[in-house]
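# A structural walkthrough
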Amino acid sequence: MTFNYFSFLGKHLSPIFSPNRVFSFLTIFSLISFSSPCLAGDPFRNTNPRNITSQTESAFKALFEEGNYPQAKKYLTQDNNSSNDPMLPALRAAVAYTEKDFSTMETQTLQTIKIAKAIAKEDPLRSNLYLAVGNFLEGANEYQKKGALAALTKLQLVFDYFDKAEKIDKNDPELNLIKGYLNLMLAVNLPFSSPQQAIDNLQTYASPQYLVNRGIALAYRDLKDYDLALTFVNKAIESTPLNPELYYLKGQILRAKGQKENSLPLLQEAVKNFDIALTKINQLPQEAVQKPLQREKRKTLEKISELGTSSSN
């Protein structure tokens, strides 16, 4: 993928580094690391596995099997600061982002890049992969401070490092899921790109499947193909039914479809899914999830009331 034309498309970069988009990318990035029943310590690879700490594993399980961010943060705080796994500070940066703790995010981003550089000889693939992730995190920080155009250089570096990782092993599942999700996010938001190609690539080359389904549901939501979005979010829920964020996503899709069709049943179903997510609201990030979730439920109820009043007249 070539981005030489980005200098002409600065206004289109805003959605990529907006809080919701960065949060979505970081969520998927962090999710990938403990989602597939492969060898202990590395959920991706059946050969040449990488080692991670037990605390990091527990953090991911708390985060994505239970959707429990506070518990995940406790595990991450306990983990070994001398670890040579760049995934650990990257995840800490992701959690800091959900709390709008940009100082901690910046510190952990620098640590991600430092460790990624340090493992270049022993593991060049993951070195380049996490240099890509680290530069994305830096781009998110630049966006917060200076706007979308300031993040342009970082986005170019992200794909430069992805390309280097691909030259080492283009079939690596960890690489394919992280890059595939970002490609999908770009394709949905940038002109002259192909969302369907990005969706097909993610579906063909990435794993685990429930994360693929979640990413595709997000894409179809943004493309306003709500029927397909519902199909894929239901598949994700079937595989990971304890994650309240999936019910929030399903509620968003139902709400959008219900508004488009002026359908009371769809809007009422959206509220039901918002309510399922709200039963675990204290487990979710306040700024990134809790407040938007509560706001969307309120607006859905307002729309239901409006349609109900209209039908009675």
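Residues numbered from 1 in each chain as written. Predicted model: local features only at pLDDT ≥ 70, side-chain atom pairs only at ≥ 80, totals over all residues. Heavy atoms only, no water.

### What to know about the packing of helix α7 (residues 124–146) against helix α8 (residues 152–168)
Here is the rule we go by: Axes here refer to lines fitted to C-alpha atoms; in helices the fit is confined to the stretch in contact. Angles between the N-to-C directions go from 0 to 180 degrees. Numbering of helices and strands runs from the N terminus; a helix is a DSSP stretch of H or I covering at least four residues, while a strand is a stretch of E covering at least two. Should an angle fall under 35 degrees it is called roughly parallel, over 145 degrees roughly antiparallel, and 65 to 115 degrees roughly perpendicular, with every other angle called oblique. Handedness of a crossing follows from how the near helix is turned relative to the far one, being left-handed for an anticlockwise turn of less than a right angle and right-handed for a clockwise one. Between two residues, a contact is recorded if the distance between any of their heavy atoms is within 4.5 Å. Any residue that is not Ala, Val, Leu, Ile, Met, Phe, Trp, Tyr, Cys, Pro, Asp, Glu, Lys or Arg is counted as polar, Gly included; the first ten are nonpolar and the last four charged.
Close contact between α7 and α8 brings their axes to 8 Å; oriented N to C, the two are set at 165 degrees. Classified by the angle their axes make, α7 and α8 are roughly antiparallel. The handedness of the crossing between α7 and α8 comes out as left-handed. Along the contact surface, α7 presents Pro124, Leu125, Asn128, Leu129, Leu131, Ala132, Asn135, Phe136, Glu138 and Gly139, while α8 presents Lys154, Leu157, Val158, Tyr161, Phe162, Lys164, Ala165 and Ile168. When its residues are assigned to classes, the contact of α7 with α8 shows twelve nonpolar, three polar and three charged.

### Thoughts on the packing of aromatic side chains
Quick reminder of the rule: Any Phe, Tyr or Trp ring, taking Trp's six-membered ring, that has another such ring centre within 6.5 Å forms a pair; planes under 30 degrees apart are called stacked, those over 60 apart edge-to-face, and the others tilted. Only protein chains enter the area calculation, which uses a 1.4 Å probe; residues under 20% of their type maximum are buried, those over 50% are exposed, and those in between are partly exposed. Remark: a charge is flagged as sitting over a ring if the NZ atom of Lys or the CZ atom of Arg is within 6 Å of the ring centre and within 35 degrees of the ring normal.
Tallying each qualifying case throughout the model produces four aromatic pairs. Note on tyrosine 97 and phenylalanine 102: the rings are 5.9 Å apart at their centroids and 70 degrees apart in plane angle, and the pair reads as edge-to-face. Classification of tyrosine 97 by relative accessible area gives buried; the value is 5%. With a centroid separation of 5.9 Å and an interplanar angle of 25 degrees, the aromatic rings of tyrosine 220 and phenylalanine 232 are classed as stacked. Highlighted residues: tyrosine 220 in helix α11 (residues 209–222) and phenylalanine 232 in helix α12 (residues 226–239), separated in sequence by twelve residues. Residue tyrosine 220 shares its accessibility class with phenylalanine 232, and that shared class is buried. The ring centre of phenylalanine 232 lies 4.8 Å from the NZ or CZ of lysine 235, which sits over that ring.

### Brief notes about α11
Threshold: Given the number of residues in a helix, its expected span is that number minus one, multiplied by 1.5 Å.
If you check α11, its first and last C-alpha atoms are 20 Å apart, about what 14 residues at 1.5 Å a residue would give, namely 20 Å. When you tally the buried positions in α11, you get twelve out of 14 residues, the bulk of the element. Looking at α11, one finds that the buried residues are Tyr210, Leu211, Val212, Asn213, Arg214, Gly215, Ile216, Ala217, Leu218, Ala219, Tyr220 and Arg221. Phi turns positive one or two residues past the end of α11, at lysine 224, with a value near 65 degrees.

### What about the nonpolar core?
Threshold: Nonpolar core, defined: a set of buried Ala, Val, Leu, Ile, Met, Phe, Trp, Tyr and Cys residues in which side-chain atoms within 4.5 Å join the residues together.
Within the largest apolar cluster, 80 residues are counted, with the highest numbers of intra-cluster contacts made by Phe162 and Leu182. Among the elements that make up this core, the one with the highest residue count is helix α9 (residues 173–189) (ten residues). Phenylalanine 162 has contacts with Leu129, Ala132, Leu175, Ile178, Lys179 and Leu182, leaving out every residue within four places of it along the chain.

### Focus on the environment of glutamate 269
Looking at the element boundaries, glutamate 269 is found in helix α14 (residues 264–278). Note: C-alpha distance between glutamate 269 and glycine 258 (eleven residues apart in sequence) is 9.1 Å.

### Quick notes on the packing of helix α13 (residues 244–261) against α14
Pairs of packed helices are described in terms of their axes, by the angle between the two and the distance that separates them. Look at α13 against α14: their axes get within 8 Å of each other, and the N-to-C directions meet at 165 degrees. On the basis of their axis angle, the class for α13 and α14 is roughly antiparallel. Considering only the axes of α13 and α14, their crossing is left-handed. Residues Pro244, Tyr247, Tyr248, Lys250, Gly251, Gln252, Leu254, Arg255, Lys257, Gly258, Gln259 and Glu261 of α13 pack against Leu266, Leu267, Glu269, Ala270, Asn273, Phe274, Ile276 and Ala277 of α14. Along the lines of polarity and charge, the residues of the contact of α13 with α14 split into ten nonpolar, five polar and five charged.

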